[in-house]
Structure formats: structure tokens, C-alpha cells
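Letter by letter, the chains look like this.
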Amino acid sequence: PHVLGDIQLLDSEKVMSVAREVTYLCPFSGPIRGILKVTNYQLHFRPLDAAALQCTLSVPLGVVSRIEKVGGASSKGENSYGIELFCKDMRNLRFAHKQENHSRRGIFEKLQQLAFPLSHKLPMFAFSYSEHFPEDGWHVYEPIAELKRMGVNNDMWRITRINDKYEVCDSYPSVWAVPAGANDDLLRSVAAFRSRGRIPVLAWIHPSSQATITRCSQPLVGVSGKRSREDERYIQQIMEANAQGHKLFIMDARPSANAIANKAKGGGYESEDAYQNAELVFLDIHNIHVMRESLRKLKELCFPQIDQARWFSGIEATCWLKHIKCILAGAVRIVDKVENHKTSVLVHCSDGWDRTAQLTALAMLMLDPYYRTLRGFEVLIEKEWLSFGHKFQLRIGHGDERHSDADRSPVFVQWVDCVWQLQQQFPTAFEFTERLLITIVDHLYSCRFGTFLFNTERERVKEEVKTKTVSLWSYINSRQDLYLNPLYWGPSSFGSNSPPSPYSRPQVVLVPVASLRVIKLWKALYCRWNPTMRQQDPIYQRT
Ligand SMILES: CCCC(=O)OC[C@@H](COP(=O)(O)O[C@@H]1[C@H](O)[C@H](OP(=O)(O)O)[C@@H](O)[C@H](O)[C@H]1O)OC(=O)CCC
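Residues numbered from 1 in each chain as written. Predicted model: local features only at pLDDT ≥ 70, side-chain atom pairs only at ≥ 80, totals over all residues. Heavy atoms only, no water.

Digging into the overall build of the chain
Part 1: Helix and strand content of the chain: 18 helices and 14 strands.
Part 2: A globule of 543 residues ought to have a C-alpha radius of gyration of about 24 Å, and the chain, at 24 Å, matches this closely.
Part 3: For the C-alpha atoms alone, the extent of the chain along its principal axes is close to 75 × 55 × 50 Å.
Part 4: The buried share of the chain, taken over its 543 residues, is 59%.
Part 5: Per element, the accessible surface of the chain, about 22100 Å² overall, is 53% carbon and sulfur.
Part 6: Counting 67 positive and 58 negative side-chain charges, the chain places the centres of these two groups 3 Å from one another. (Helix = DSSP H or I, 4+ residues; strand = E, 2+ residues; numbered from the N terminus. Rg over C-alpha atoms; globule rule 2.2 N^0.38 Å. Buried < 20%, exposed > 50% of the residue type's maximum accessible area, 1.4 Å probe, protein only. Areas by Shrake-Rupley, 256 points an atom, 1.4 Å probe, with all protein chains shown as cover. Lys, Arg positive; Asp, Glu negative; His and termini not counted. Charge placed at Lys NZ, Arg CZ, Asp CG, Glu CD.)

What follows is the structure in C-alpha cells.
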């Protein structure tokens, strides 16, 4: 049995470097002497003093975004010579050691190589990690089965394999559901008019009204105001696929200023005179650059010390909660159209892989209780985020040393935060607790599993992740009792299309209050490492 605080190695994990005379400069408890070990998966620090064991650190190297050397040959002060790790999970770790033993160079270079394998032409840890779990999580999501659960193929929607080899759109899944009347030639010409070929396809269909949520990227209108008869006809077919359909709402997630600015790059938005029966709505959600900056400010505020005097004004200045509110409000508008007005909605933004994924996945979570079960939630992430090409590798920077890359942005974590807000407002509606959300965010960074690696389904097929890596869902489903919500009130499974009779629709549709008066800061995630900000609950230290 492992001694408490001692390193616990995963299968195929091995120690690559050890430094003995190291001091961890804990921002809360002060300097702690201990032993620093670097493996091919994690950085582990074990205090020498048994009384300080709660300061044991186990940091997956995937969480590290930047490593800096601190102090040089001339620095004289105590603990002024060492390294600092800047992490993606809201903390910075600083280690110091004596100058004489030159272990810094060794540790520093090892850390650089192992934390950024892609930048050093080394394999990701996920490809050498193998562990057997009772269930293979790679089978949780099967596209055809999920479409069947929603009742597709039906007389209005058909499954097309036109993208079987990802030739029409390399960032989309291979399986699409499209209006039955749209033949493959039409689909191809619509792809020519949508940014990166990301044409409108089905995300969700209402079990009784047949109203739909479809998703896509911006039309290539450009400054000259180009039109595509095929795109216009296709949008009309989406509207007509809904029996009550006399109108289609096009929800453009962007601020109208950005939608207009995108015309300068050949993009833009649907003009209502070209799309007669469509009504265009802008949801005012800002772009990836604004969100990256917002979270950076929040991290500054929350780590290491928290200035009580400026806490609320500081939070407001980050605008983080305003953005969360904006995304929730956008999803509520989609839910209102689909559920209460039985009207179909088309969601898009610029590329259709950041804000669009946030909106469709949130709206589906509010509309369909199946996605609020543990397995349903796993299916939702696989479908709306992974299969539709949210660029996880680029947005998180898996294995990449370029920490200041402008394409990095916490869009997925922001969506998980929105899910947490729903859990707070509807504590009995989810089969799982916030601990599942924190575990998912941990392994978004850790690179232990293959689930969040790469940017598209096409790349994952090419890299054979399903046979060469372990799925995060294998791990989670092997210990699901840790994540189940004792307050959950809902049928254990919604296998069938609509919940069994006792549940009427009003009981299963969540409509959150998207107001700053209700939205809360998710301290268990953003202040997790700051002991003064949350109950000392060890579960949040290790997931
Ligand atoms: C004259 C030059 C015009 C110009 O550069 O347009 C480009 C836009 C960038 O477009 P934006 O929509 O503001 O920003 C884009 C979105 O965030 C998109 O995500 P999503 O899937 O959510 O769409 C990302 O994938 C893109 O990388 C990002 O550039 O920039 C702006 O609109 C900012 C100016 C107000």
C-alpha cells in the first residue's frame, strides 16, 4: 500500500527525474521542504515533514502552460533560485533549491520536454497509458444510435453519409442528419457558401412538435453581399421540415458589430430579404479573445491572495459572470422558441465551433432530460463538442509550449461553468454533481485520456485514438458512484424518446434565470487552490 502522500504511479508511468533538496514556496503555508519527482505524466512534490503532507502536490504535466526559471547565479536571497510553473487550472507553483547542486537544469529541461511533447516531437502520454476498466468509454457515443433515440430517420429528416471521408467538411462528423428533401448535390453547394464547409445540420429534434435545433457557421456573404440560391433553398427546407414551420429563427451568437466586421473577411450573416421566412437575432456573445482575457483577469483576482476589500468590484471588472449570463440567456431564447413556440432555430456564429457549441449543448441540456443523466451528458459532449470539431487541441494547447497563442481560449470551461449554474438552480435535475464537472475539467488538461485530444473527428480517426488511448468515460463510468447526485429526481434513464408518462414536458424543461442577481462565481473551480475561499473538502484536491 502506498504511504500517504507518496507518489501513486499509473500503469506505464515512470519516474524520469528526482530532486531532493527542493523547497515548495506555498503561497498560503510558506516554504515547505520536500522531494520533487517528475514522471512522464505528472509532477509530484512530497513534503519531508509529515505534518505538512496536506501540501503534497500531484500536477499532471498537461496542466502546465508555462515554465520559467527564477533567479540566477547572482541571486543571493533565501529561496530565490528555482523554477515557477504557470498552470491552466488557475494556479502557479514555485519551487526553489540550493544553487550548488545543479539539478535545476535537469528538472527544467525534463519538465519542458514532458509538459510539451508536441513541441519536442515526443508522443503524448495518452498514447503510452493503458489501464483496463470494466467498460470501454469509446462506445458510450454512437452517432446513429443517438439519432435513432431522437427518432431520425423519419419522413422529414434523413441520415446522409456524404461526409463519410470528411471530404465535404473536414471539421464535421462523418454522420449528418439533414432534411429528407435535400440531396447530396444540394448539400455540396451549400457547403461552398458556409465558412469552412460547416453547413446547417441537425443538432436536436423535439420529441413531439418536431421543431429542430440546427447548427452551422457563418454564410460567405462578404462585403459584396453574395447570395446562394441553394443555401436559401436549404434553409427553407429546414423550416418546412417542421410541420408547424412558418418561420425559422436564425440565432447569430455574435455581437452584430463582429458579424458585420466578419464581412471584411468574406463572412457575414443572412440578410432577411434573401431569407424570406427567417428572423435573424444577434445574441451578443463575445469572441474567443474577449473570453481568454476575461478568465485571465479572474485568475489574477483569485490566485494566490484574495483581496476582500475589492472582491466584488474585482469580479465585476473581469466581466466573467456577465459573459456566463449572456450565454445562458442565449440558450434560454433558443429553448423558448423550440419548446413554447414550436419554432425551429438555426444557431451559428463565425466558425460555428465555439459559441455555437456552447449554445446548442446548453439548450439541449435544458430541453432533453436524457442529457442530464451521466451517460447522456457524456453523449452530449462527444456529439456537440467533439464530433462537431470544437478545436480542443488549439484552445487548450495540449502538449504545446506556445502559451501565448491567441487561439487559446477557455470556451469549453466556460460552458461547463454554465452547466454548473444550471445545477445550482436545479439541484434535483441532474443525475451527477459538480464533482463530475471538475473531473472533466481536470482531464480536459491532464492528457491522460484520449477524449479531448486533437481538433476534429477526422484527426481522431486518423490517429486511432479509440484503439490507442483510453476514454475518459471508461474512467468515470468505472467510479460513477463518486459522481451521482443523491438529490436527483428523474427517471434513471430516458432511453425512450420521451420520458415515461408521469413526466409532462413542463417538468423536464429547465428554464434558468439568466440574471446577474442569480449567477454565482464557481469557487470550487476558480478558488479551488485557495484554502481561505472554500471549505477544506479534500474531494476537490483530488478527483
Ligand atoms: C476588419 C477585420 C475584420 C475581422 O478581423 O473580423 C474578424 C473578427 C473575428 O471574428 P470573431 O467572431 O470576432 O472571432 C472569431 C470567433 O471567436 C470564432 O469562434 P466562433 O466559433 O464562436 O465563431 C473563432 O474560431 C475565431 O478564431 C475568432 O476569430 O474580428 C472581429 O470581428 C473583431 C473586430 C470587432
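A look at the nonpolar core
Part 1: Counting residues in each nonpolar core, the largest one holds 164 residues, and the members touching the most others are Phe95, Ile213, Phe377, Phe412, Trp415, Ile440 and Tyr526.
Part 2: Considering each element in turn, this core owes the most residues, 11 residues, to helix α8 (residues 320-340).
Part 3: In terms of nonpolar packing, the next biggest core, distinct from the first, is built from 7 residues, Ala126, Trp138, Cys447 and Phe454 among them. (Core = buried A, V, L, I, M, F, W, Y, C linked by side-chain atoms within 4.5 Å.)

Describing the state of the cysteines
Part 1: Within the structure shown, the criterion is met by 0 disulfides.
Part 2: In this structure Cys349 is not part of a disulfide, and its nearest cysteine sulfur, from Cys216, lies 8.5 Å away.
Part 3: With no disulfide partner, Cys447 has as its closest neighbouring cysteine sulfur the one in Cys87, 13 Å distant. (Disulfide = S-S within 2.5 Å.)

Here's the deal with the sheet that holds strand β10 (residues 201-205)
Within a sheet, each strand pairs with its neighbour through backbone hydrogen bonds, oriented either parallel or antiparallel.
Part 1: Within the open sheet, the 5 strands sit side by side as β10-β11-β14-β12-β13. Their pairing is mixed. With one partner strand each, in any of the chains shown, β10 and β13 (278-282) form the two edges of the open sheet. In this sheet, neighbouring strand axes are inclined to one another by 25 degrees on average, regardless of whether the strands run parallel or antiparallel. (Pairing = 2+ DSSP bridges. Axes fitted to C-alpha atoms, helices over the stretch in contact; angles between N-to-C directions.)

As for the sheet that holds strand β2 (residues 30-39)
Part 1: One open sheet accounts for 7 strands, arranged β4-β3-β2-β1-β7-β6-β5; its pairing is antiparallel. Taken across any chain shown, the strands that pair with only one partner, and hence form the sheet edges, are β4 (57-60) and β5 (64-70). Pairwise comparison of adjacent strand axes, ignoring direction, gives a mean angle of 30 degrees for this sheet.

Notes on the site of the ligand
Part 1: In the neighbourhood of the ligand, 16 residues make up the surrounding shell, with Asn287, Ser350, Asp351, Trp353 and Arg355 lying closest.
Part 2: Taking Arg355, its side chain carries an N or O atom lying 2.7 Å from an oxygen atom of the ligand.
Part 3: The contact in question runs from an oxygen atom of the ligand to an N or O atom on the side chain of Arg395, over 3.0 Å.
Part 4: In the complex, the protein chains occlude 70% of the 740 Å² of accessible area that the ligand would expose alone.
Part 5: Contributions of two or more residues to the shell around the ligand are made by α5 (256-261) and α6 (288-302).
Part 6: Its residues assigned to classes, the shell around the ligand shows 5 nonpolar, 6 polar and 5 charged. (Near = heavy atom within 4 Å. Polar contact = N/O pair within 3.5 Å; in protein donor to acceptor, adjacent residues only side chain to side chain. Nonpolar A, V, L, I, M, F, W, Y, C, P; charged D, E, K, R; others polar.)

Comments concerning the packing of α8 against helix α9 (residues 355-367)
Part 1: At a minimum axis distance of 9 Å, the contact between α8 and α9 shows a crossing angle of 55 degrees. Considering the angle they form, α8 stands oblique to α9. Considering how the two elements wind past one another, α8 and α9 form a crossing that is right-handed. Judged by residue contacts, Ile327, Leu328, Gly330, Ala331, Val332, Ile334, Val335, Val338 and Glu339 of α8 engage Gln358, Leu359, Leu362, Ala363, Met366 and Leu367 from α9. (Parallel < 35°, antiparallel > 145°, perpendicular 65-115°, else oblique. Left-handed = near helix turned anticlockwise from the far one by under 90°. Contact = heavy atoms within 4.5 Å.)

Let's talk about the pattern of salt bridges
Part 1: Inspection of every chain in the model, using the stated rule, returns 27 salt bridges.
Part 2: Among the charged side chains, a salt-bridge network with shared partners connects Glu146, Arg149 and Asp368. (Salt bridge = Lys/Arg side-chain N within 4 Å of Asp/Glu carboxyl O.)

Comments concerning the environment of Asn183
Part 1: Along the chain, Asn183 turns up in the loop between β9 (176-179) and α3 (184-191).
Part 2: A distance of 2.8 Å separates a polar side-chain atom of Asn183 from the backbone nitrogen of Leu186.

A short note on a nonpolar patch on the surface
Part 1: Residues Leu9, Val15 and Val18 make up a contiguous nonpolar surface patch of about 200 Å² in total accessible area.
Part 2: Turning to its location among the elements, Leu9 is positioned in the segment before β1 (15-26).
Part 3: Taking relative accessible area as the criterion, Leu9 reaches 39% and is therefore assigned partly exposed. (Patch = residues over 30% accessible without salt bridge, like charges linked within 9 Å, V, L, I, M, F, W, Y side chains within 5 Å.)

A few points about the packing of α6 against helix α7 (residues 311-318)
Part 1: Viewed as axis vectors pointing N to C, α6 and α7 meet at an angle of 160 degrees, and their least axial separation amounts to 8 Å. Looking at the two axes, α6 sits roughly antiparallel to α7. Crossing of α6 against α7: the hand is right-handed. Touching Ser294, Lys297, Leu298, Leu301 and Cys302 of α6 are Trp311, Gly314, Ile315, Ala317 and Thr318, all from α7.
Part 2: Within the contact of α6 with α7, the residues separate by chemical class into 6 nonpolar, 3 polar and 1 charged.

With respect to the side chain of Ser80
Part 1: By the secondary structure assignment, Ser80 is in the loop between β5 and β6 (82-87).
Part 2: The contact partners of Ser80, leaving out residues within four places of it in the chain, are Val70, Gly71 and Ser75.

These values are about where atoms sit, not about what they do.
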